[in-house]
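Examination of the molecular architecture
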Amino acid sequence: MQVYTIKGMGCTGCATTVEQRLSKVAGVTAVKVDFNAQKAFVESKEEVSLPALQKALEGTDYTIKKD
């Protein structure tokens with residue numbers, strides 16, 4: 001499991017949007033976003049690149065960085 005900090009989420013609906021977008025990245029098998037902690041927990045068989053996850057959030061106010 002990879003853990004990332006998400007910036008720009010203002011509500012639980014934002015967390016849902018981030019979950020949906022990240023779950024569409026190739027290789028990702030599961031995503032759980034903790035709104036209160038501002039974290040995303042990404043599961044995959046092989047490590048997914050940060051640029052791929054960043055690309056999934058393009059066009060939003062959300063940013064993602066590796067913890």
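Residues numbered from 1 in each chain as written. Predicted model: local features only at pLDDT ≥ 70, side-chain atom pairs only at ≥ 80, totals over all residues. Heavy atoms only, no water.

**Thoughts on the pairing of strand β3 (residues 39–44)**
The condition that has to hold: Any two strands with at least two DSSP-identified bridges between them are counted as paired. The helix count covers DSSP runs of H or I at least four residues long, the strand count covers runs of E at least two residues long, and both are numbered beginning at the N terminus.
Where strand β1 (residues 2–7) lies against β3, four bridges are found, and the strand directions are antiparallel. Across the sheet, Y4 pairs through a bridge with A40, a residue of β3. Bridging between strand β2 (residues 28–34) and β3 involves six bridges; their strand directions are antiparallel. Across the sheet, V33 pairs through a bridge with A40, a residue of β3.

**A short note on the sheet that holds strand β4 (residues 63–66)**
Two modes of strand pairing occur in sheets, parallel and antiparallel, and in both the strands are linked by backbone hydrogen bonds. Worth spelling out the cut-off: Helix axes are fitted only over the stretch in contact, all axes being lines through C-alpha atoms; the angle between N-to-C directions runs from 0 to 180 degrees. Any two residues whose heavy atoms approach within 4.5 Å are treated as being in contact.
The four strands lie next to each other as β2-β3-β1-β4, forming an open sheet whose pairing is antiparallel. Strands with a single pairing partner mark the edges of an open sheet, and in this sheet they are β2 and β4. Strand-to-strand twist in this sheet, taken as the mean axis angle between neighbours without regard to direction, amounts to 30 degrees. In the packing of helix α1 (residues 12–23) onto the sheet, the strands contacted are β1, β2, β3 and β4, and the crossing angle to β2 comes to about 165 degrees.

**Focus: the side chain of Q38**
Threshold: Whenever two N or O atoms come within 3.5 Å, that pair is a polar contact, provided that in protein one can donate a hydrogen and the other can accept it, and provided that, for residues adjacent in sequence, both atoms are side-chain atoms.
By secondary structure assignment, the location of Q38 is in the loop between β2 and β3. At 2.6 Å, the side chain of Q38 and the backbone oxygen of F35 are in polar contact. Setting aside anything within four residues of it in sequence, one finds Q38 in contact with Y4, T5, I6, G8 and M9.

**With respect to α1**
Note the threshold: One fewer than the residue count of a helix, multiplied by 1.5 Å, yields its expected span.
Taking 1.5 Å per residue as the helical rise, α1 with its 12 residues ought to reach 16 Å, and the 16 Å between its terminal C-alpha atoms agrees with that figure. Packing partners of the buried residues in α1 comprise β1, β2, β3, α2 (50–56) and β4.

**Some remarks on the UniProt feature "domain: HMA" (unreviewed entry) in the chain**
Heads up, the rule is: UniProt positions are given in the numbering used here, feature names are shortened, and annotations may be inferred rather than shown by experiment.
According to UniProt, the positions carrying the feature "domain: HMA" (unreviewed entry) are residues 1–65. With 29% helix and 34% strand, the stretch residues 1–65 has end C-alpha atoms that lie 14 Å from each other.

**Section: the state of the cysteines**
Put simply, the rule reads: Throughout, a disulfide means two cysteine sulfur atoms within 2.5 Å of one another. Exposure classes here rest on a 1.4 Å probe applied to the protein chains alone. A residue is buried below 20% of its type maximum, exposed above 50%, and partly exposed in between.
Counting across every chain of the model gives zero disulfides. C11 takes part in no disulfide bond, and the closest cysteine sulfur to it belongs to C14, at a distance of 3.4 Å. Residue C11 is classed as partly exposed on the basis of its relative accessible area, which comes to 37%.

**With respect to the packing of aromatic side chains**
Here is the rule we go by: Two rings from Phe, Tyr or Trp (for Trp, the six-membered ring) form a pair when their centres sit within 6.5 Å of each other. Planes less than 30 degrees apart are called stacked, planes more than 60 degrees apart edge-to-face, and all others tilted. A ring is scored as having a charge over it whenever the NZ atom of a lysine or the CZ atom of an arginine sits within 6 Å of its centre and within 35 degrees of its normal.
Summed over the entire model, instances satisfying the criterion amount to zero aromatic pairs. Across from the ring centre of Y4, 5.1 Å away, lies the NZ or CZ of K66, which sits over that ring.

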